[in-house]
Amino acid sequence: MTENASDISLSPIGLVNSPYKEKFAIPRQPGLVSSAKGIVKLLGAVNNIDSVRELEQFSHIWLLFIFHGTQKQSWKPLVRPPRLGGNKKIGVLATRSTFRPNPIGMSVVKLDSIEIDNQDVILHISGMDLLDQTPIVDIKPYIPYSDSLPHANAGFAQAEPQINLTVAFSEQAQLALTKLKKDLPELSLLIKQVLAQDPRPAYKKNKNDDKIYGMNLYNLNIQWRMLNLESIDVINISTISD
Ligand code: SAM
């Protein structure tokens, strides 16, 4: 790191493995899909058991990360948050948009356990809103007395989004879930929690829709469609071949 504040460079200290293999259908904030489980593998000099000594005392951690999937795209001072239906423009710094002057994100996730595998330090996490392979640039313990401000004003994002769609599985999808149960016991819950958020573009919210959508979780492609305004039908679950 140089001493010149106008010329800062950061190196990843960890890499995320997450079920979310593409941007589509990732929840818009952490904590909305508790069954999303993944890991952070520590890298380089930070991959040292001493770096995480006593971290297991904390149930939650902050992950500071790079929006690597969109960092090459430009940013604009005004953006349209999906939470406002995608048609009102507000300042980028008044949003959690991924398109920012510096592509830095921050998410609180649950720290389920810390594993030492040979010489590798692996943090098991859940509830993340992160794309697979997201580079982590810092990790800090979550400290409720200071980080949680329940009475703070949060403007257009005051409360958790109240979308709660019902999700049903077709016979084919149920068969696939049964076959996958041994390797992915929480897959049906993960699909339900992800789809209950209505991952469609903001302008489709509360609108009926004939389209068949596909989303990728792990190495699976999941096809689904809206049945009506309250429910989703999972049509098919298939393995994506390499
Ligand atoms: N909690 C973080 C924050 O507030 O800085 C991220 C919020 S951002 C609105 C969450 C979205 O970022 C996800 O729904 C996903 O579409 C996108 N995302 C997650 N990881 C990403 C990555 N590594 N690169 C680009 N986009 C990513």
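Structural notes, computed from the coordinates. (Residues numbered from 1 in each chain as written. Predicted model: local features only at pLDDT ≥ 70, side-chain atom pairs only at ≥ 80, totals over all residues. Heavy atoms only, no water.)

### Details of helix α3 (residues 187-196)
- The element α3 is extensively covered by neighbouring structure, given that seven of its ten residues are classed as buried.
- Within α3, the full set of buried residues consists of L187, L190, I191, Q193, V194, L195 and A196.
- Its buried side turned inward, α3 meets β9 (166-169), α2 (171-180), β10 (213-217), β11 (220-226) and β12 (231-239).
- Immediately beyond the C-terminal end of α3, within one or two residues, lies D198, with a positive phi of roughly 55°. (Buried < 20%, exposed > 50% of the residue type's maximum accessible area, 1.4 Å probe, protein only. Helix = DSSP H or I, 4+ residues; strand = E, 2+ residues; numbered from the N terminus. Contact = heavy atoms within 4.5 Å.)

### Side note on the pattern of salt bridges
- Per the counting criterion, the structure on display carries nine salt bridges.
- With its nearest N and O atoms 3.3 Å apart, the salt bridge here joins D132 to K21. Of this pair, D132 sits in the loop between β7 (120-126) and β8 (135-141) while K21 sits in the loop between β1 (14-17) and β2 (37-42), placing them 111 residues apart in sequence.
- By relative accessible area, which is 15% here, D132 ends up buried.
- Overall, the relative accessible area of 38% leaves K21 in the partly exposed class.
- In this structure, D233 engages R225 in a salt bridge whose closest nitrogen and oxygen atoms are separated by 4.0 Å.
- A residue is classified by how much of its surface remains accessible, and D233, at 14% relative accessible area, is buried.
- Taking the relative accessible area as the measure of exposure, R225 reaches 32% and is therefore partly exposed. (Salt bridge = Lys/Arg side-chain N within 4 Å of Asp/Glu carboxyl O.)

### As for the site of the ligand
- Taken together, 21 residues form the shell around the ligand, and within it Q29, H68, R96, D129 and T134 come nearest.
- R96 has a polar side-chain atom sitting 2.6 Å from an oxygen atom of the ligand.
- Relative to its unbound accessible area of 600 Å², the ligand is 93% covered by the protein chains.
- Elements with a contribution of two residues or more to the shell around the ligand: β3 (60-66) and β6 (104-117). (Near = heavy atom within 4 Å. Polar contact = N/O pair within 3.5 Å; in protein donor to acceptor, adjacent residues only side chain to side chain. Areas by Shrake-Rupley, 256 points an atom, 1.4 Å probe, with all protein chains shown as cover.)

### A few points about the nonpolar core
- Within the largest apolar cluster, 48 residues are counted, with the highest numbers of intra-cluster contacts made by L123, I191 and I237.
- Here this core takes five residues from α3, the largest share from any one element.
- Counting contributing residues, this core receives three or more from each of domain 1 (9-68 + 103-148) and domain 2 (162-239).
- If we ignore the near neighbours within four places in the chain, the residues touching I191 are F169, L177, M215, L217, I222, V234 and I237. (Core = buried A, V, L, I, M, F, W, Y, C linked by side-chain atoms within 4.5 Å. Domains from an automatic or database assignment.)

### Re a nonpolar patch on the surface
- Together, I8, L10 and I104 make up a nonpolar patch on the protein surface, roughly 280 Å² of accessible area in all.
- Mapped onto the secondary structure, I104 falls in strand β6. (Patch = residues over 30% accessible without salt bridge, like charges linked within 9 Å, V, L, I, M, F, W, Y side chains within 5 Å.)

### Looking at the packing of aromatic side chains
- As enumerated under the stated definition, the model contains five aromatic pairs in all.
- Relative to Y213, the ring of F24 lies with its centre 6.2 Å away and its plane at 20°, an arrangement referred to as stacked. In this pair, F24 is assigned in the loop between β1 and β2 and Y213 in strand β10, connecting sequence segments 189 residues apart.
- Considering the side-chain rings of F65 and F67, the 5.0 Å spacing of their centres and the 75° angle between planes classify their relative orientation as edge-to-face.
- Members of the aromatic cluster, connected to one another through ring pairs, are F24, Y213 and W224. (Phe/Tyr/Trp six-rings, centres within 6.5 Å; stacked < 30°, edge-to-face > 60°.)

### Quick look at the sheet that holds β2
- Overall, antiparallel pairing links the six strands, which are arranged β1-β2-β7-β6-β3-β8 in a closed barrel. If you compare each strand with its neighbour and ignore which way they point, the axes differ by 45° on average.
- Two elements, β1 and β2, share four bridges in a ladder whose sense is antiparallel. The residue of β2 that forms the bridge with G14 is L42. (Pairing = 2+ DSSP bridges. Axes fitted to C-alpha atoms, helices over the stretch in contact; angles between N-to-C directions.)

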